[in-house]
Amino acid sequence: MKERAVVLGSGGLAFAGWQAGVLYGLASAGVDLSVADLIVGTSVGSVVGAALASESIALEGLYERQLAGTDGELPARLSPSGILAYVWAMLRSRTPEEYARRLGRLRPARVDTGERAAVIADRLLSPQWPVRPFKVAAVDAAIGELWAIDRDSGVPLVEAVDASCAIPGVWPQVTINGRRWIDGGVYSPTNAHLAAGYRRVVIIAPVSRGGGPLRSARAHADLLTRQGARVEVIDPDKATRAAVGGNPLDPARRASAARAGLAQARAHVERVAAVWL
């Protein structure tokens, strides 16, 4: 087995702040997850993961970026009808692929694809793939197939992250190699199974619960544990949920979520250290 992997799950832009806060808080206490041998990112976790894998910014700097203004970001919200479509799709689907196919039929908001790609590019520290192993989860909108995109895929990093963040019903689908791709979180909120084969795994999961055909973060952790890994899951505490509020897609919530993540990290240091060090 290989050594250490970090899994950064999906959840909305505010949770980019929370993940950065957790990472910085752990590192400040002597548990540095940036030395991971593999980083897996889904949706907003792919944005944070790209920074973590790049080695071009310290975790303190990554945290401070979350506290900056939201100029250039596009506000978003899943409509009530969109939420109903998600619930209905989950109730009617037996597999992640079927669920993803149903959501792939949702009509996205009218957002220019070029403008959206520019927003994604602005979030990244570099348009180049990091050298460190990094996987970005996206899903084929037509057939529901999961794709773990990496630097060997031939896909530009901005396109990969854009696809992973393409929330059905909110953001435009991303066309890569003639196929339409959507948010990797519709297959799994964490896609932690992509860390199979690693001895020590830390899952930072904005959405830890599963539902219907989607496996929860804890279920993923149990599966990895049965395969021989030591696993720790971090999910939002009460203070974080309050900081994020009712719309995790709101860019204005990113800073408060980052501070909440920094504070929450203290409660996880001992358990994460037991797995990681």
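In the annotation of an unreviewed UniProt entry, the protein is listed under the name Patatin-like phospholipase family protein and assigned to Nonomuraea helvata.

## Describing the pairing of strand 4 (residues 146–149)
Both strand 3 (residues 134–140) and strand 4 contribute to a ladder of four bridges, which runs antiparallel. Along strand 4, the bridge assignment pairs alanine 137 with alanine 148. Linking strand 3 back to strand 4 in an antiparallel pair, the connection comprises five residues, with glycine 144 at a positive phi of about 80°.

## Details of the packing of aromatic side chains
To describe a pair of aromatic rings, you give the distance between the ring centres and the angle between the ring planes. Tallied over the entire structure, the rule returns four aromatic pairs. Here phenylalanine 15 and tryptophan 18 contribute two aromatic rings whose centre-to-centre distance is 5.9 Å and whose plane-to-plane angle is 85°, an arrangement assigned as edge-to-face. Of the two residues, phenylalanine 15 and tryptophan 18 both sit in helix 1 (residues 14–28), three residues apart, roughly one turn of that helix. For tryptophan 18, a relative accessible area of 0% puts it in the buried group. The cationic tip of arginine 116 hangs over the ring face of tryptophan 171; the distance from NZ or CZ to the ring centre is 4.0 Å.

## Digging into the UniProt feature "domain: PNPLA" (unreviewed entry) in the protein
Here, UniProt's "domain: PNPLA" (unreviewed entry) annotation points to residues 7–196. With 39% helix and 14% strand, the stretch residues 7–196 has end C-alpha atoms that lie 11 Å from each other.

## Observations concerning the pairing of strand 3
Note on strand geometry: in a regular strand, side chains alternate between the two faces of the sheet. Among the seven residues that make up strand 3, six are buried, leaving the element largely enclosed by the rest of the structure. Inspection of the sheet shows strand 2 (residues 38–42) paired to strand 3 by four bridges, in the parallel sense. The residue bridging glycine 41 from the neighbouring strand is valine 136, located in strand 3. Across three bridges, the pairing between strand 3 and strand 6 (residues 179–183) is antiparallel. Looking at the pairing, valine 139 lines up with isoleucine 182 of strand 6.

Calculation rules
- Residues numbered from 1 in each chain as written.
- Predicted model: local features only at pLDDT ≥ 70, side-chain atom pairs only at ≥ 80, totals over all residues.
- Heavy atoms only, no water.
- Pairing = 2+ DSSP bridges.
- Helix = DSSP H or I, 4+ residues; strand = E, 2+ residues; numbered from the N terminus.
- Phe/Tyr/Trp six-rings, centres within 6.5 Å; stacked < 30°, edge-to-face > 60°.
- Buried < 20%, exposed > 50% of the residue type's maximum accessible area, 1.4 Å probe, protein only.
- Lys NZ or Arg CZ within 6 Å of the ring centre and 35° of its normal.
- UniProt positions renumbered as here; feature names shortened; annotations may be inferred.

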